[in-house]
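Now for the letters of each chain:
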Amino acid sequence: MRDLPTGTVTFLFTDIEGSTRLLHELGDGYPDALAEHRRKLREACAQHGGVEVDTQGDAFFVAFASAKGALAAATDAQRALAEGPIRVRMAVHTGEPIRTDEGYAGMDVHRGARIASAGHGGQVLVSQTARDLVEEDLPSIALRDLGEHRLKDLTRPQRIFQLVADGLDRDFPPLSTLDNRPTNLPPQPTPLIGRRRELAEIVGLLAQSEVRLLTLTGPGGAGKTRLALQAAADLLEDFPDGAFFVALASIADPDLVIPTIAQTLGVKEVAGLSVEERVEDFLRQKRLILVLDNLEHVLEAAPQVIEVLRGAPSLKALVASRAPLRVSGEREFPVPELAEADAVALFCARAQATEPSFLVNGDAAAVAEICRRLDRLPLAIELAAARAKVLSPGKLLERLEQRLTVLTGGARDLPDRQRTLRDTIAWSYELLDEAEQELFSRLAVFPASFTLEAGETICEANIDTLGSLVEKNLVRHAEDRFTMLETIREYAIERLEAGGELDRIRRRHFDFFLALAEEAGKDLEVNQRAVMWLERLELEHDNCRAALQWARELDEPRLELRLAAALSSFWHARSYLDEGRSRVAEALARDPVAPADLRGRALRWAAMMAHKQGDRGAARSLAQEAAAGSRAGGHTRGLANALNVLGIVAAGERKHQEARALYEESRSMRVELGDDFELQSSLHNLGLLALDQGQYEEARRQIEAGLALARKHEQEGHAANGLCDLGFVAIGQSRHEEAQELFEESLRMCVELGWKEDVDYCLVGLASVSAAEEGLERGARLLGAAEALGEEIHLKLEPYAESTKARTVRELDSRLGPDRFAACLAEGRSLSFSEAVSLALADVD
């Protein structure tokens, strides 16, 4: 056996850049060039104490007892290879790997390999840990800081350095990391262990033009999701439009699959097009990979997914599902159990994370047997390894032998692997004390993450008990929220149902989120604490969706309508317009005899969402129904609000006379009620109507009156809106300096509130001011930023702002010329939100 270094070890990873291309270019000369490359590498490594761990194809894996030796070997090797046809990328990384019979295992091996894969031929990359060991001892080389990068192992960002020395190239393209492609692939707490063969097969399959839909199948806990994420990360370089992960575990309604994809991709609203048509249009020219996770419980959506694929010839879909979709064009890839060595490495890595002093030593046979008994399923191994803090591998094996001898925990027709996993979770459950078991089962009520407050209120969670479940890997904790893996949650639901508590805990869950949504809805309607509530409801959206579903299952249509109405202001503000409209419509249909005030509120919000989508006919019909119900029920406040919405619809259609009559009738009612909160809206809308007709003095008078009420009642959002629209009045009167001050004051308030809709209006206004004040290129960039933000939040500008934008576009296009205007517009569209705001608020001479 080779005398490999132990303890703190520095690795050198190398591989040839573009080996397939070289094979074609060099032809018969390739074997000789490859042999020379190997000779030079081995010579340099041996000279500095390197021990060859593994060689696969053209890739080398070498271990050094010191980081200094590894860097010297990399430097000498690159100098020796500099004049040849072969370009080699290298990485140096230091860690404390697990020593195995075959070499090394653990996170550091994977991290070093990932750093190497990010580089380019002729480049040597160095990790932070290796750099720290040689920082004071670099006589002939230097290390250039390349910043933090997300690597393809999907773990936290890593700071990477480049070795700089005489005789080596210094300038290279950006690193091939996840930062250089559009993606939302979620960071993972640990690198993927093993699966090299499976990853290669999956990547190879997706490289075939005829494979458009690849489904990774297997039981819960087989590692399908993690494997799909890693494959997508590895493929990212081949997809210029990115890789996007769509989590479907919390979606119970198949009709929400395509809207969830649209939301993930940021597909904008387009009047007159269904969400399916918008997604297809968005993806038609995109070269993109879509990862759909947990599709098995909404399989009815599979035909819709296929339609999207048919309309987008360069799109690839990678699905993780316990069952194949059974649709045409699908290629199935059954995910096997881990290889034995990888299973052992996974157990050791997770055990060391739980108990840093864990060492296999003489327990290697017991660890291997534990993994075999668990059919080498990743989740089962992780659950077992979590016990390493209190049980040695030998004792752990004894417990498993007592519990899993005949594997009868699952249904007889389930695959053995699934029955094993089920028994493994059952075994973990039975090791819990009574309080832990009770809380474990109750927490299954949450379909997604939850807060400590929700756990305490709904499940009577004790913080110590909850912390114990986190320690045992049955609950996960991150960023002040808790969650369960879907497989574990399914078992917990069975325990909750078996204990007779399912309906009671679901009802408590509903009550909690109804109270939360109704409190939020009241505040959002007057724009109080808007940012806090919008962010809170975004985090709790899946819980609110589940609560709506449970109200339906508990046959509580009135409660379903109350929750749908309460969430409507959130759906409206965050542009969940398709979902909001459909859920409100369903709730209204199930409770046709709801009180007029509740029904009217739901109808009004549905009308506003329809208006925002440009569906004027539906908006008018819904608002008219709300008005009729409120009038018949004698609900003056509700009638005033419904008439105001009807006025907004009419104004959007530029039916000015009708809009004015509706606004005036609504205003009169609000004056009679003494309702200053809503009177502010009436005055403001009358001002916008005058603005759209070019009646600037009347517009100023009405909007200023509304602004005064907003300030009186500390309605910051309405105040910001008033300042913004006064800016449009000032533009109409050619008072550009005043307009700029108003837009800037409004913009600062909107940014503080997180109110992106009015930020967009301010950007449009400031673009117009810049164009009028000779800041042509700045104006075009601001206009581009406004367009990008409007698309992101699915905003359709009101007529007065749309006409201002159209005039600005014509002026800038004419004065800059089409090519320069287009270039500046594109520059503006590429700005981040904060960059766009900084540009808008920058001092201009």
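Colleague: Now, about the overall build of the chain: what can you tell me, with residues and values included?
Modeller: When you go through the chain residue by residue, the secondary structure sums to 37 helices and 16 strands. For a compact globule of 845 residues, the expected C-alpha radius of gyration is about 28 Å, and the chain comes in at 31 Å, within 12% of that figure. Reported as C-alpha extents along the three principal axes, the dimensions of the chain are approximately 95 × 70 × 50 Å. Restricting the contact set of the chain to residue pairs at least 6 apart, pairs at least 24 apart contribute 72%. Per element, the accessible surface of the chain, about 35,200 Å² overall, is 48% carbon and sulfur. Treating the 100 positive side-chain charges of the chain as one cloud and the 138 negative ones as another, the clouds have centres 2 Å apart.

Colleague: Before we move on, could you go through unusual backbone geometry and cite the residues and values that matter?
Modeller: One non-glycine residue, aspartate 480, lies in positive phi territory at about 65°. Along the chain, the position of aspartate 480 falls in the loop between β15 (476-478) and β16 (481-483). One non-glycine residue, glutamate 714, adopts positive backbone phi at about 55°. Residue placement: glutamate 714 occurs in the loop between α30 (696-712) and α31 (716-732). Exposure remark for glutamate 714: the relative accessible area of 65% places this residue in the exposed category.

Colleague: Residue-level account of the environment of serine 834, with values.
Modeller: Looking at the element boundaries, serine 834 is found in helix α37 (residues 833-841). Looking at serine 834, the relative accessible area reads 47%, which means it is partly exposed. Each C-alpha atom of the pair serine 834 and valine 344 lies 47 Å from the other, and the pair is 490 residues apart in sequence. A polar contact is formed between the side chain of serine 834 and the side chain of serine 832, at a distance of 3.3 Å.

Colleague: An account of the pattern of salt bridges is needed here, citing residue identities and associated values.
Modeller: One pass over the structure, following the stated rule, counts 66 salt bridges. For glutamate 201, the salt bridge is made with arginine 197, and the minimal N-O distance between the two is 2.5 Å. Here glutamate 201 and its partner arginine 197 are both found in helix α6 (residues 196-207), 4 residues apart, which amounts to about one turn of the helix. Among the residues examined, arginine 197 registers a relative accessible area of 48% and is labelled partly exposed. For the salt bridge of arginine 504 with glutamate 501, the shortest nitrogen-to-oxygen distance reads 2.4 Å. One connected set of salt bridges, linked through shared partners, spans Glu438, Arg442, Glu460, Glu501, Arg504 and Arg508.

Colleague: I'd love a proper account of the pairing of strand β1 (residues 9-16), names of residues and values included.
Modeller: Counting buried positions over the 8 residues of β1 gives 8, a clear majority of the element. The alternating pattern of β1 places Val9, Phe11, Phe13 and Asp15 and Thr10, Leu12, Thr14 and Ile16 on opposite faces, both of which are buried. The pairing of β1 with strand β4 (residues 88-95) spans 8 bridges and is classified as antiparallel. In the strand pairing of β4, aspartate 15 is matched with arginine 89.

Colleague: Got a sec to walk through helix α28 (residues 656-673)? Specific residues and values, please.
Modeller: Taking 1.5 Å per residue as the helical rise, α28 with its 18 residues ought to reach 26 Å, and the 26 Å between its terminal C-alpha atoms agrees with that figure. Buried within α28 we find His656, Ala659, Leu662, Tyr663, Ser666, Met669 and Arg670. Buried residues of α28 fall within an arc of 160° about the axis and therefore sit on the same side. Exposed and facing more than 90 degrees away from the buried side of α28 are Gln657 and Glu672. Contacts from the buried residues of α28 go to α27 (636-652) and α29 (676-692).

Colleague: So what about the nonpolar core? Which residues, and what values?
Modeller: Formed by 139 residues in total, the largest nonpolar core has its most connected members in Phe440, Leu443, Phe446, Ile458, Trp571, Phe728 and Phe743. If one sorts the elements of this core by residue count, helix α20 (residues 502-525) sits on top with 10 residues. Ala73, Ala74, Val92 and Ala165 belong to the second largest nonpolar core, which has 33 residues in total.

Colleague: Go over the packing of helix α9 (residues 275-283) against helix α10 (residues 302-311) with me, naming the residues and quoting the values.
Modeller: At a minimum axis separation of 8 Å, α9 and α10 run at an interaxial angle of 35°. Between α9 and α10 lies a crossing whose hand is right-handed. Between α9 and α10, the residues in contact are Glu276, Val279, Glu280 and Leu283 and Gln304, Glu307, Val308 and Gly311, respectively. Of the residues belonging to the contact of α9 with α10, the class tally is 3 nonpolar, 2 polar and 3 charged.

Colleague: Explain empty space enclosed by the protein to me, using residue names and the numbers behind them.
Modeller: Applying the stated criterion across every chain, the model contains 2 cavities of 30 Å³ or more. Taken as a whole, the largest cavity holds about 50 Å³ of empty space. Every residue lining the largest cavity is listed: Ile258, Ile261, Leu290, Leu292, Val305, Val308, Leu309, Leu315 and Ala317. Broken down by secondary-structure element, the contributors of at least two residues to the lining of the largest cavity are α8 (257-265), β12 (288-293), α10 and β13 (315-321). Tallying contributions element by element places α10 first for the lining of the largest cavity, with 3 residues. For the lining of the largest cavity, the per-class residue count stands at 9 nonpolar, no polar and no charged. As for the second largest cavity, its lining consists of Ala444, Val445, Arg489, Ile493, Leu496, Leu502, Arg506 and Trp550.

Parameters at a glance
Residues numbered from 1 in each chain as written. Predicted model: local features only at pLDDT ≥ 70, side-chain atom pairs only at ≥ 80, totals over all residues. Heavy atoms only, no water. Helix = DSSP H or I, 4+ residues; strand = E, 2+ residues; numbered from the N terminus. Rg over C-alpha atoms; globule rule 2.2 N^0.38 Å. Contact = heavy atoms within 4.5 Å. Areas by Shrake-Rupley, 256 points an atom, 1.4 Å probe, with all protein chains shown as cover. Lys, Arg positive; Asp, Glu negative; His and termini not counted. Charge placed at Lys NZ, Arg CZ, Asp CG, Glu CD. Buried < 20%, exposed > 50% of the residue type's maximum accessible area, 1.4 Å probe, protein only. Polar contact = N/O pair within 3.5 Å; in protein donor to acceptor, adjacent residues only side chain to side chain. Salt bridge = Lys/Arg side-chain N within 4 Å of Asp/Glu carboxyl O. Pairing = 2+ DSSP bridges. Expected span 1.5 Å × (residues − 1). Arc of directions from axis to C-beta. Core = buried A, V, L, I, M, F, W, Y, C linked by side-chain atoms within 4.5 Å. Axes fitted to C-alpha atoms, helices over the stretch in contact; angles between N-to-C directions. Left-handed = near helix turned anticlockwise from the far one by under 90°. Nonpolar A, V, L, I, M, F, W, Y, C, P; charged D, E, K, R; others polar. 1 Å grid on protein atoms, 1.4 Å probe; cavity = no way out; pocket = protein on both sides within 12 Å on 5 of 7 lines; lining within 4 Å. Points joined across faces, edges and corners; volume = space filled by probe spheres on them.

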